[in-house]
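Residue-level listing of the chains:
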Amino acid sequence: MSLRLAEHAGFCYGVKRAVELAEQAAASGKKCVMLGHLIHNDSVIARLEAMGISSVERPGDVPEGAAVIIRSHGEPRAVFELLESRGAEILDATCPNVSQIHKIVAEAEQNGRQSVIIGSPEHPEVRAIAGWCRRGVVLADCEALERWLDEEPENCAKPITMVSQTTSTRADWDLCVEKAKKECTNLKVFDTICGATCKRQRAAQALAAESDAMIVIGDRKSANTKHLAELCRALCPMVIWIERGAELEPSNLYGKASIGITAGASTPGWIIKEVYDKMSDEIMEIEESFAELLEKSFKTLNTGEKVTGVVTGITPTEIYVDLGTKHAGYIPVSELTDDPTVKVEDLVKVGEEIETYVMRVNDQEGVVTLSKKRLDTVKSWDDVAQACEDHTTVEGVVTEENKGGVVVSIKGVRVFVPASQTGLPRETPMSELLKHKVRLRITEVNRARRRVVGSIRAVANEERAEKAAAVWEGIEEGKKYDGVVKSLTSYGAFVDIGGVDGMVHISELSWSRIKHPSEVVKTGDAVQVYVISFDKEKKKISLGMKDRGQDPWAVFTDKYGVGDTASVKVVKLMTFGAFAEIVPGVDGLIHISQIADHRIDKPGDALSEGEMVDVKITDIDMDRKKVSLSIRALLEDAQRSDAGEDSGEDTLVATSEGGHTEVAPGFESAPEE
């Protein structure tokens, strides 16, 4: 026969805390009473009464001058107010998990929300919860919830806050949540089933599925023990529910190869040991001593300690964590992360393990405040120090502009980057880095002063050097690169092609004649360039931007010939004439004698740079690729055309050198005036 004790059997931290509080009160010798049974276990109550702590049923029965112990199930708000009005000393042994539910429903009441409590209506814990909200509704299960919603359809539209009795079964609660989410339009769900309860139930089910018989130890009034027995019966052929070892008859278990034992949250270790002692003569194999198993639940915690627990519940303000100790652990949302945009549900899930840092231990209330953020910060300091030692690159986000530099957050650690190490040009405001992710090198870590210094420029320089080496290794004439315009001068533009700057001469920016590079590009533009020439020794690269595949002269000759008219742009005025762009990359000369049909002193008298004019192409030198243009020729063509229209088709008039008019033979002269 083998005997195994389920994990998490026996006292939960809330019950253990309540019993210890009562025992300390008894040891102090003060006059003290319990308001109702402290926990659902008659044996424990009898033991406490033997120590001098009696119990009363109503607040009015509390003797004059006696301290009052509030049971682990809690009491309604009105009970606390009555006791306080009578001046009674209150020793609050309410389970921290239950106290948290009181806060939830009380806050819901203040916000005008309807509290729905899923649990046994007659259970003292549920009655206490309902006593912290005037508009609370207690529903036993999913069927009761369904009836409540169907009987009054307007309930579906109410702002509802739903909580659970801490000892409810997970399956029943999940059904209620599923139903409420389908029917209710304004619902807030708080999973308040105790993490210890869930663990106890899961462990009991796992053991029951592998055992020939199960012994469930706990008081008949205990709701969580009742649920344990029900869960075990669904998986094990034989389940015996006892309150004390005296009820157990070992002979009933003869022939059972494997026996499992579990116990409710109100069952003390000495009763479990009592059952063990009674069966000890029958046991052939014990997989783990009861003492070791029980000791696991009573571990103490210290501030500053790293602990690992299981997430048992998530609310908008807190995350509940079962640490497997007598304390109830919780993480305020403010101690989960520094990122205000992230959702809690994206960081933690119910049932997941989480490593945290102990911020504060409150033994009197039985709670421990935890912080994931601070643990991460401690780890981050270690990581930052290691990065400084190893000269490795780290990533962070620039969070603020500081005097003389910027602050970068690296997993919660503030790193100061001096202005000279930001990598920004001197005239560029450092505010441009705000909220940007950057890569940097840690140059100094001083834990005592909590000072960390870093350099963005160091990483940028190294990365640029690596890229430059790659560029020089693979560079060749004609190779194309995607680059960024870094700066402009009067003679060209400097372009970063990946760690190396090359220069695009003004003549290589465009086929058109331009006066300044800014007419084509501006700083920060993304451009495509190609290598015209390079010198690895002098580290110089000449780049081009204009399309070499398109020959402007070919474009011109395909479009125009001698005698054609073109609309051109005056690009430069000289003393002897004006140059005009016919097509991008091809200019023609309008000689000063061809600018007008009358004498002018200089081209500027008739033309201005940038002006568009119509010209006639009078000559094309194919060998020298030169074009002669004339405005005068167009004007004369127009005059001859006008003269022909005025005199008729058969009249030909010419002007002789003497200035008199001659008429062609066969035509009479016009009469003189």
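A. The arrangement of the pairing of strand 18 (residues 367-371) in detail. Judged by how many residues are buried, strand 18 sits mostly within the fold: 5 of 5 residues are covered. Along strand 18, one buried face is formed by Val-367, Thr-369 and Ser-371 and the opposite face, lined by Val-368 and Leu-370, is buried too. Relative to strand 18, strand 16 (residues 328-332) runs parallel, the two sharing 3 bridges. The partner of Tyr-330 across the bridge, within strand 18, is Thr-369.

B. Geometry of the confidence of the model for the protein. Confidence in the prediction of the protein, expressed as mean pLDDT, is 84, and 91% of residues score 70 or more. Scored below 50 in pLDDT, residues 283-289 shows 13 contacts in the model against residues more than four places distant or in partner chains. Counting contacts from residues 647-673, a segment whose pLDDT is below 50, to residues more than four positions away or on other chains yields 7 contacts.

C. Up close: helix 7 (residues 170-183). For helix 7, built from 14 residues, the straight-helix expectation of 20 Å at 1.5 Å per residue is met to within 8% by its first-to-last C-alpha distance of 20 Å. When we look at burial in helix 7, the residues that qualify are Trp-173, Cys-176, Val-177, Lys-179 and Ala-180. The buried residues of helix 7 all sit within an arc of 165° when viewed along its axis, so they share a single face. In helix 7, the exposed residues that point more than 90 degrees away from the buried face are Ala-171, Lys-181 and Lys-182. Against the buried residues of helix 7 lie strand 6 (114-118), helix 6 (142-151), strand 8 (159-164) and strand 9 (186-189).

D. View of the nonpolar core. Ranked by size, the top nonpolar core spans 27 residues in total, and within it Val-19, Met-34, Leu-38, Ile-39, Ile-69 and Leu-91 carry the most contacts. Listing elements by their share of this core, those giving two or more residues are helix 1 (13-28), strand 2 (32-35), helix 2 (42-50) and strand 4 (67-70). With 8 residues, the single largest contributor to this core is helix 1. If sequence neighbours within four positions are ignored, Ile-69 has contacts with Leu-21, Ala-22, Ala-25, Cys-32, Val-33, Met-34, Leu-35, Leu-38, Ile-53, Leu-91 and Ala-93. Within the second largest apolar cluster, 24 residues are counted, among which are Tyr-560, Ile-582, Val-583 and Ile-590.

E. Representation of unusual backbone geometry. Positive phi values are uncommon outside glycine, yet His-391 reaches one of about 60°. Structurally, His-391 is set in the loop between helix 13 (372-390) and strand 19 (393-402). Phi at Lys-435 takes a positive value of approximately 70°, unusual for a residue other than glycine. Structurally, the position occupied by Lys-435 is in the loop between strand 21 (413-418) and strand 22 (437-446). When its relative accessible area of 76% is taken as the criterion, Lys-435 is described as exposed.

F. Region of interest: empty space enclosed by the protein. Evaluated as defined, the whole model comprises 2 cavities of 30 Å³ or more. Size it by volume and the largest cavity reaches roughly 230 Å³. If you go around the largest cavity, you meet 20 residues; those closest to its centre are Val-15, Glu-125, Thr-166, Thr-167 and Asn-224. Of all the elements in the fold, those that place two or more residues in the lining of the largest cavity are helix 1, helix 8 (195-210) and helix 9 (223-233). Taken together, the residues of the lining of the largest cavity sort by class into 7 nonpolar, 11 polar and 2 charged. Each pocket or cavity is described by its volume, and for the second largest cavity that value is around 120 Å³. Lining the second largest cavity are 16 residues, with Asn-97, Ile-193, Cys-194, Thr-312 and Tyr-320 positioned closest to its centre. Looking at the lining of the second largest cavity, the elements that each hand over two or more residues are helix 4 (96-110), strand 14 (306-314), strand 15 (318-322) and strand 16. Each residue belonging to the lining of the second largest cavity can be placed in one class, and the counts come to 7 nonpolar, 7 polar and 2 charged.

G. Spotlight on the sheet that holds strand 26 (residues 501-505). In spatial order, the strands read 24-25-26-28-27; together these 5 strands close into a barrel with mixed pairing. Averaged over all pairs of adjacent strands, the angle between strand axes in this sheet comes to 50°, irrespective of strand direction. Note: strand 27 (residues 526-535) against strand 28 (residues 540-544), 5 bridges, orientation antiparallel. Along strand 28, the bridge assignment pairs Ser-533 with Ser-542.

H. Structural view of the packing of aromatic side chains. Throughout the structure, instances matching the rule amount to 4 aromatic pairs. Aromatic pair Phe-576 and Phe-579: ring centres 6.2 Å apart, planes at 90°, arrangement edge-to-face. Feature note: the residues Trp-553, Phe-556 and Tyr-560 constitute an aromatic cluster, connected by ring pairs. One Lys or Arg, Lys-539, reaches over the ring of Trp-472 and ends 4.8 Å from the middle of that ring.

I. Summary view of helix 9. Judged by how many residues are buried, helix 9 sits mostly within the fold: 8 of 11 residues are covered. Those residues of helix 9 not exposed but buried are Ala-223, Asn-224, Thr-225, His-227, Leu-228, Ala-229, Leu-231 and Cys-232. Of the surrounding elements, those touching the buried residues of helix 9 are helix 8, strand 10 (213-217), strand 11 (239-242) and strand 12 (258-263).

J. Main features of the pattern of salt bridges. Here the structure, examined in full by the defined rule, presents 33 salt bridges. Note that Arg-47 is salt-bridged to Glu-23, the shortest N-O span being 2.7 Å. In this pair, Arg-47 sits in helix 2 while Glu-23 sits in helix 1, placing the two residues 24 residues apart along the sequence. With a relative accessible area of 36%, Arg-47 lands in the partly exposed category. Among the ionic pairs, Arg-244 bridges to Glu-274, the shortest N-O distance being 2.8 Å. Residue Arg-244 is located in the loop between strand 11 and strand 12, and its partner Glu-274 is located in helix 10 (residues 269-279); the two are separated by 30 residues in the primary sequence. Residue classification places Glu-274 among the partly exposed positions, given a relative accessible area of 25%.

K. The sheet that holds strand 3 (residues 54-56), seen in detail. In spatial order, the strands read 3-2-4-5; together these 4 strands make up an open sheet with parallel pairing. Unpaired on one side and paired on the other, strand 3 and strand 5 (90-92) mark the two borders of the sheet. On average, each strand axis in the sheet is inclined to that of its neighbour by 35°, with strand direction left out of account. Pairing of strand 4 with strand 5 involves 3 bridges; the strand directions are parallel. Bridged to Ile-69 within strand 5 is Leu-91. Each of strand 2, strand 4 and strand 5 touches helix 3 (residues 77-85); the most contacted strand, strand 5, lies at about 150° to it.

L. Structural context of the side chain of Gln-165. You can see Gln-165 is positioned in the loop between strand 8 and helix 7. Take Gln-165: its relative accessible area is 2%, and that puts it in the buried class. Excluding its chain neighbours within four sequence positions, the residues that come into contact with Gln-165 are Ile-118, Gly-119, Ser-120, His-123, Glu-125, Val-126, Ile-193 and Ala-223.

M. Summary view of the side chain of Ser-380. Structurally, Ser-380 is set in helix 13. Within polar-contact distance, the side chain of Ser-380 engages the backbone oxygen of Lys-411 at 2.8 Å. Non-local contacts of Ser-380, meaning those with residues more than four positions away in its chain, are made with Ile-410, Lys-411 and Val-413.

Procedures and definitions
- Residues numbered from 1 in each chain as written.
- Predicted model: local features only at pLDDT ≥ 70, side-chain atom pairs only at ≥ 80, totals over all residues.
- Heavy atoms only, no water.
- Buried < 20%, exposed > 50% of the residue type's maximum accessible area, 1.4 Å probe, protein only.
- Helix = DSSP H or I, 4+ residues; strand = E, 2+ residues; numbered from the N terminus.
- Pairing = 2+ DSSP bridges.
- pLDDT = per-residue confidence, 0-100.
- Contact = heavy atoms within 4.5 Å.
- Expected span 1.5 Å × (residues − 1).
- Arc of directions from axis to C-beta.
- Core = buried A, V, L, I, M, F, W, Y, C linked by side-chain atoms within 4.5 Å.
- 1 Å grid on protein atoms, 1.4 Å probe; cavity = no way out; pocket = protein on both sides within 12 Å on 5 of 7 lines; lining within 4 Å.
- Points joined across faces, edges and corners; volume = space filled by probe spheres on them.
- Nonpolar A, V, L, I, M, F, W, Y, C, P; charged D, E, K, R; others polar.
- Axes fitted to C-alpha atoms, helices over the stretch in contact; angles between N-to-C directions.
- Phe/Tyr/Trp six-rings, centres within 6.5 Å; stacked < 30°, edge-to-face > 60°.
- Lys NZ or Arg CZ within 6 Å of the ring centre and 35° of its normal.
- Salt bridge = Lys/Arg side-chain N within 4 Å of Asp/Glu carboxyl O.
- Polar contact = N/O pair within 3.5 Å; in protein donor to acceptor, adjacent residues only side chain to side chain.

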